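# Descriptive structure summary
The lines below spell out each chain.
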Amino acid sequence: MPVGLQAQPSLGVPGKKRWAMVIDLRRCIGCMACVCADKAEYDVPLGVWRTIVKVKDTGSYPNTKRHFMPRLCNHCDNPPCVRNCPTEATYKHEEGFVLQRYERCISCRTCIAACPYNARHVLPKNRDRVKIGGVIDKCTFCHHRVAADLVPACVQTCLGRSRIFGDLNDPNSEVARLVARHSVVTLKPEKGTAPQVYYIKPDRVHTEQVLSRPVSHAARADAEAFYRHNRGTQFFSGVL
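If you look the protein chain up in an unreviewed UniProt entry, it shows as 4Fe-4S dicluster domain-containing protein from Allochromatium humboldtianum.

Looking only at helices and strands, one finds eight helices and nine strands in the protein chain. Taking all 240 residues of the protein chain together, the buried fraction comes to 44%. Sequence separation of at least 24 residues holds for 60% of the intrachain contacts in the protein chain that already meet a minimum separation of 6. Within the structure as shown, the protein chain displays about 13,300 Å² of accessible surface, and the carbon and sulfur contribution to it stands at 53%.

Every α-helix winds through 3.6 residues per turn, so residues three or four apart in the chain are directed the same way. Listing the buried residues of helix 1 (residues 33-42) in full gives Ala33, Cys34, Val35, Ala37, Asp38 and Tyr42. At its buried positions, helix 1 is contacted by strand 2 (52-60), helix 4 (143-147), helix 5 (153-157) and strand 8 (163-167). Where helix 1 terminates, the next one or two residues include Asp43, which has phi positive at roughly 50°.

Next up on the list: the sheet that holds strand 1 (residues 19-24). One open sheet accounts for three strands, arranged 8-1-9; its pairing is mixed. The open sheet has two edge strands with one neighbour each: strand 8 and strand 9 (197-200). Strand-to-strand twist in this sheet, taken as the mean axis angle between neighbours without regard to direction, amounts to 25°. Running at roughly 110° to strand 8, helix 6 (residues 174-181) makes contact with strand 1, strand 8 and strand 9 of the sheet.

So, about the pattern of salt bridges. Summed over all chains, the structure comprises eight salt bridges. Through salt bridges with shared partners, one network takes in Arg18, Asp77 and Lys92.

Relative to the helices and strands, Asp167 resides in strand 8. Counting along the chain gives 156 residues from Asp167 to Leu11, while the straight-line C-alpha distance between them is 9.4 Å. In contact with Asp167, not counting residues within four places along its chain, are Lys16, Lys17, Arg18, Trp19, Ser173, Val175 and Ala176. A distance of 2.8 Å separates the side chain of Asp167 from the backbone nitrogen of Arg18, its partner in a polar contact.

What follows covers empty space enclosed by the protein. The tally for this structure, following the rule as stated, stands at four cavities of 30 Å³ or more. Roughly 120 Å³ of volume is contained in the largest cavity. Together, 15 residues line the largest cavity, and Cys28, Cys31, Cys34, Cys158 and Ser162 are the ones closest to its centre. Among the residues making up the lining of the largest cavity, the classes are represented as ten nonpolar, three polar and two charged.

Reading guide: rules and limits
Residues numbered from 1 in each chain as written. Predicted model: local features only at pLDDT ≥ 70, side-chain atom pairs only at ≥ 80, totals over all residues. Heavy atoms only, no water. Helix = DSSP H or I, 4+ residues; strand = E, 2+ residues; numbered from the N terminus. Buried < 20%, exposed > 50% of the residue type's maximum accessible area, 1.4 Å probe, protein only. Contact = heavy atoms within 4.5 Å. Areas by Shrake-Rupley, 256 points an atom, 1.4 Å probe, with all protein chains shown as cover. Pairing = 2+ DSSP bridges. Axes fitted to C-alpha atoms, helices over the stretch in contact; angles between N-to-C directions. Salt bridge = Lys/Arg side-chain N within 4 Å of Asp/Glu carboxyl O. Polar contact = N/O pair within 3.5 Å; in protein donor to acceptor, adjacent residues only side chain to side chain. 1 Å grid on protein atoms, 1.4 Å probe; cavity = no way out; pocket = protein on both sides within 12 Å on 5 of 7 lines; lining within 4 Å. Points joined across faces, edges and corners; volume = space filled by probe spheres on them. Nonpolar A, V, L, I, M, F, W, Y, C, P; charged D, E, K, R; others polar.

Structure below.
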């Protein structure tokens, strides 16, 4: 039973759309084009973001790896922000969007505290181009663009096609095929929020050279040259 101003979950309901996003972590290169696109699309002020890409370095030289983790609102099917908003400023659309009605927002920050994904922020009042401030804001899956048959701004500008957006209820859509084909994961499923941003985790055998054997003659020649010039087996861990 929905609590707050929200529609029933539409995932798997015939005749209804359920917009969702798949983020393929194998393809993300950390270019931050998605972050810039959202900044430009919504005049997002300095210091706050609708989407971010977390960066983490692991290992020690020369066995290092940089990991990228795009984050945004998960447009949950059971959104705690909607349940906890005292003025019903936050609501869930029948097609799965979790949206914000600025005229009802009193900036109490209850939704910020309720969101387990840290996906909300306060817009400052001193804004120049857009006269909306002093309220809570978040990613909207670019609802205005989707209504015009366009993909969200972050998806449009993703250089590696790491972000894929579409109707999860359409079995022929790319997002539906990816979710069916891959062992996708969601963030903090134990919270019971039913998030609708799905991640494809990279296979370490394909992304980390210490775990992958060179397959071509050229790759093997490069690996052997590196081995000779770096005096040891630490980098390739015995895969040669």
